[in-house]
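Here are the chains, one letter per residue:
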Protein chains: 2
Amino acid sequence: MEPTSSFNIRTLSRACNECQLQDLCLPLGLSRGDIERLDKIVNRRRPLQRGATLFRQGEAFQALYAVRSGSIKTYSSTNGGEEQIHAFLLPGELLGLDAIGGGLHPESAVALETTSVCELPFDRLQSLAHEVDGLQRQLLRIMSRELNSDEQFMRLLANRSAEERLASFLLNLASRFELRGYSAQAFNLSMSRSDIGNYLGLAVETVSRLFTRFQQDGLIAVERKAIRLLERERLSELCNLGVPVAPPKHYQG
Amino acid sequence: MEPTSSFNIRTLSRACNECQLQDLCLPLGLSRGDIERLDKIVNRRRPLQRGATLFRQGEAFQALYAVRSGSIKTYSSTNGGEEQIHAFLLPGELLGLDAIGGGLHPESAVALETTSVCELPFDRLQSLAHEVDGLQRQLLRIMSRELNSDEQFMRLLANRSAEERLASFLLNLASRFELRGYSAQAFNLSMSRSDIGNYLGLAVETVSRLFTRFQQDGLIAVERKAIRLLERERLSELCNLGVPVAPPKHYQG
DNA sequence: CGGCAATTTGACCGGTCTCAAAGTGTGTGG
DNA sequence: CCACACACTTTGAGACCGGTCAAATTGCCG
């Protein structure tokens with residue numbers, strides 16, 4: 001999960017125009033000139049160390065963030081102290097969108113490994129979006145897509161077995177890595193087993209047992225954080241999560 | 001100039017400016033003049049009958065919709081034929097936002113009872129939003145808030161018991177009704193038991209048993225679709241108490 | 001080497017699902 | 001208006017997945 005783990009000044013100073021992640025990130029669809037205007041408002045901060053907090057639940061919302069390298073988890077805590085992980089974010093993905101509505105971050109964001117991010121001050125972003133039409137659209141598109149993936153995830157939580165959940169999780173990670181040019185077969189799980197369990201609504205023990213079983217069945221090979229998907233085909237059979245195709249049944253209720 | 005037709009003229013012709021739901025809906029925060037401009041692009045269609053489809057999964061995205069009265073459920077089906085309900089929408093709530101990103105509706109929307117909606121053609125909405133600043137912001141806010149409630153719902157699905165899920169569901173409905181000026185104590189469940197179960201990730205039988213138990217415990221009174229929340233206080237305690245908040249490993253009585 | 005956290009493994013328990021069937025309303029057609 | 005069919009809801013019995021508790025193992029890092 002960390003192809004650019006060592007951070008150098010070149011990485012930091014690289015502008016949106018030269019960023020490999022352009023096609024996944026906010027600039028997508030903007031003209032070169034507009035990207036430059038966007039670039040001017042982006043702050044590139046020094047990398048976060050593993051465990052470092054990007055923002056905390058309850059903090060005032062100031063900026064959106066785009067992951068440039070590394071990975072981040074977002075979570076919220078109840079007053080009881082329980083923690084619920086909401087997402088793992090990979091390079092090119094935007095976070096903080098859920099804070100626009102309320103003006104406060106409803107969740108905290110923490111680096112899972114050495115991670116660098118681009119900071120996008122929201123007020124400046126919004127005035128720019130007022131002028132640059134494509135930016136506005138892209139922002140809406142990104143939020144819409146996030147609504148979508150949240151919906152899919154809810155379906156996963158609502159009626160899938162532990163096995164299906166973990167398989168889906170692995171395949172989801174794989175395809176996201178692939179999109180970013182990394183291997184979909186072998187990658188690093190930057191999050192702990194207990195993070196995975198929390199995210200998927202499973203006990204740590206269940207996650208651990210499933211990893212063992214998947215490995216025994218020859219589906220995957222795991223060694224600590226490193227994982228290889230040996231049988232992506234059979235893995236996806238495990239989760240009969242369907243692509244929307246079938247016409248809806250007639251309403252009966 | 002004339003949304004007036006043969007049916008229910010009073011309801012249909014009511015413009016955004018006079019709509020009771022203004023404060024919950026898209027116009028929120030707009031000036032009277034801007035609301036009028038928004039009003040011009042809104043189509044008020046004739047009411048949907050119970051079971052009627054507003055849009056189907058896979059259809060091209062053309063417009064957002066605001067519920068004006070009644071209620072709607074949205075759901076997606078897998079190619080296996082299973083159906084997963086994603087949301088129940090009440091007056092003042094917007095639907096179709098998840099289609100902006102992909103250009104296709106990822107889910108279907110069906111009326112749960114006689115329901116009227118306002119149609120907001122998205123292209124026209126977007127050009128208007130380009131001029132009217134507050135509209136753009138309000139759109140983002142609404143989407144952001146939806147992301148938020150999705151997150152909360154995921155937490156519910158990920159680690160709450162059946163009891164907590166149903167209690168939360170009822171309280172959520174109650175507060176939404178209250179916001180709209182209806183009673184929070186007594187309202188109608190326009191969706192079937194099996195819809196509720198599907199939505200909450202529970203078997204119908206479990207939902208039914210819980211209704212019975214809640215009633216025996218004096219928390220609610222149900223008769224078919226009609227429900228009264230007798231002890232909202234105790235209900236909300238159910239939402240927090242089911243899972244021990246701070247796991248006292250070495251607790252000493 | 002030693003302490004601590006994360007992971008794994010085992011045993012057991014319980015909540016929820018599944019299967020089955022009875023009960024209750026609702027709508028339709030005669 | 002009644003009879004019947006069908007869908008929805010409720011109730012019961014039993015099975016099973018996954019959670020909890022407990023303990024062993026491994027890896028990490030001073």
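Because the structure is predicted, anything quoted here is derived from the model rather than measured. (Residues numbered from 1 in each chain as written. Chains lettered and ligands numbered in written order. Predicted model: local features only at pLDDT ≥ 70, side-chain atom pairs only at ≥ 80, totals over all residues. Heavy atoms only, no water.)

**Here we look at the protein's contact with DNA strand C**
In the region of DNA strand C, 16 residues are neighbours, and A:Ser208, A:Arg209, A:Thr212, B:Ala162 and B:Thr206 sit closest. In DNA strand C, atoms within 4 Å of the protein come from the sugar-phosphate backbone in 62% of cases. A distance of 2.3 Å separates a phosphate oxygen of DNA strand C from a polar side-chain atom of B:Thr206. For the surface near DNA strand C, the secondary-structure elements that each account for two or more residues are helix H6 (193-200) and helix H7 (204-216) of chain A together with helix H7 (204-216) of chain B. Ranked by residues supplied to the surface near DNA strand C, first place goes to H7(A) with four residues. Its residues placed into classes, the surface near DNA strand C shows three nonpolar, seven polar and six charged. (Near = heavy atom within 4 Å. Polar contact = N/O pair within 3.5 Å; in protein donor to acceptor, adjacent residues only side chain to side chain. Helix = DSSP H or I, 4+ residues; strand = E, 2+ residues; numbered from the N terminus. Nonpolar A, V, L, I, M, F, W, Y, C, P; charged D, E, K, R; others polar.)

**Quick look at the domain arrangement of chain A**
Often the size quoted for an interface is simply the accessible area lost on bringing the parts together. Residue and element names in this part refer to chain A. Domain annotation of chain A identifies domain 1 (3-155) and domain 2 (161-238). Across the contact, 19 residues belong to domain 1 and 15 residues belong to domain 2. With both sides pooled, the region where domain 1 packs onto domain 2 buries about 1500 Å², and carbon together with sulfur makes up 59% of that total. When the buried surface of domain 1 facing domain 2 is broken down by residue, Phe88, Leu90 and Phe153 rank first, second and third, together holding 38% of it. Among the ionic pairs, Lys73 bridges to Asp195, the shortest N-O distance being 3.2 Å. Scanning the region where domain 1 abuts domain 2 turns up nine residue pairs in polar contact (both at pLDDT 80 or more). In terms of residue class, the side of domain 1 that touches domain 2 is built from eleven nonpolar, three polar and five charged. (Domains from an automatic or database assignment. Contact = heavy atoms within 4.5 Å. Buried area = accessible area lost by both parts, 1.4 Å probe. Salt bridge = Lys/Arg side-chain N within 4 Å of Asp/Glu carboxyl O.)

**Side note on the state of the cysteines**
Summed over the entire model, instances satisfying the criterion amount to zero disulfides over all chains. For A:Cys19, which is in no disulfide, the shortest distance to another cysteine sulfur is to A:Cys118 and amounts to 6.3 Å. Exposure remark for A:Cys19: the relative accessible area of 18% places this residue in the buried category. The thiol of B:Cys16 is not disulfide-bonded; the next cysteine sulfur, from B:Cys118, is found 6.2 Å away. Given a relative accessible area of 9%, B:Cys16 falls into the buried group. (Disulfide = S-S within 2.5 Å. Buried < 20%, exposed > 50% of the residue type's maximum accessible area, 1.4 Å probe, protein only.)

**Some words on the interface of chain A and chain B**
Each partner contributes to the interface: chain A provides 47 residues, whereas chain B provides 56 residues. When chain A packs against chain B, close to 4700 Å² is buried across both sides, 57% of that on carbon and sulfur atoms. If you look at where chain A meets chain B, you find two salt bridges. A salt bridge links A:Glu82 to B:Arg160, with the nearest nitrogen and oxygen atoms 3.5 Å apart.

**Quick notes on the packing of aromatic side chains**
All names here are of chain B. Enumeration according to the criterion identifies 16 aromatic pairs over all chains in this entry. When the ring of Phe61 is compared with that of Phe122, the centres are 5.2 Å apart and the planes differ by 50 degrees; the resulting orientation is tilted. Remark: Phe122 occurs in helix H3 (residues 122-131) and Phe61 occurs in the loop between strand E2 (53-55) and strand E3 (63-69); sequence separation between them is 61 residues. Each of the two residues, Phe61 as well as Phe122, counts as buried. Taken together, a centroid distance of 6.0 Å and an interplanar angle of 65 degrees make the contact between Phe177 and Tyr182 edge-to-face. (Phe/Tyr/Trp six-rings, centres within 6.5 Å; stacked < 30°, edge-to-face > 60°.)

**Observations concerning the relation of the copies chain A and chain B**
Each copy of the sequence occupies a distinct position, and chain A is placed on chain B by a rotation of 180 degrees and an axial shift of 0.0 Å, giving an RMSD of 0.0 Å. Interpreted geometrically, this transformation is the action of a two-fold axis. Interface residue correspondence from chain A to chain B reaches 85%, placing this contact among same-surface, isologous pairings. (Least-squares fit on C-alpha atoms with pLDDT ≥ 70 in both.)

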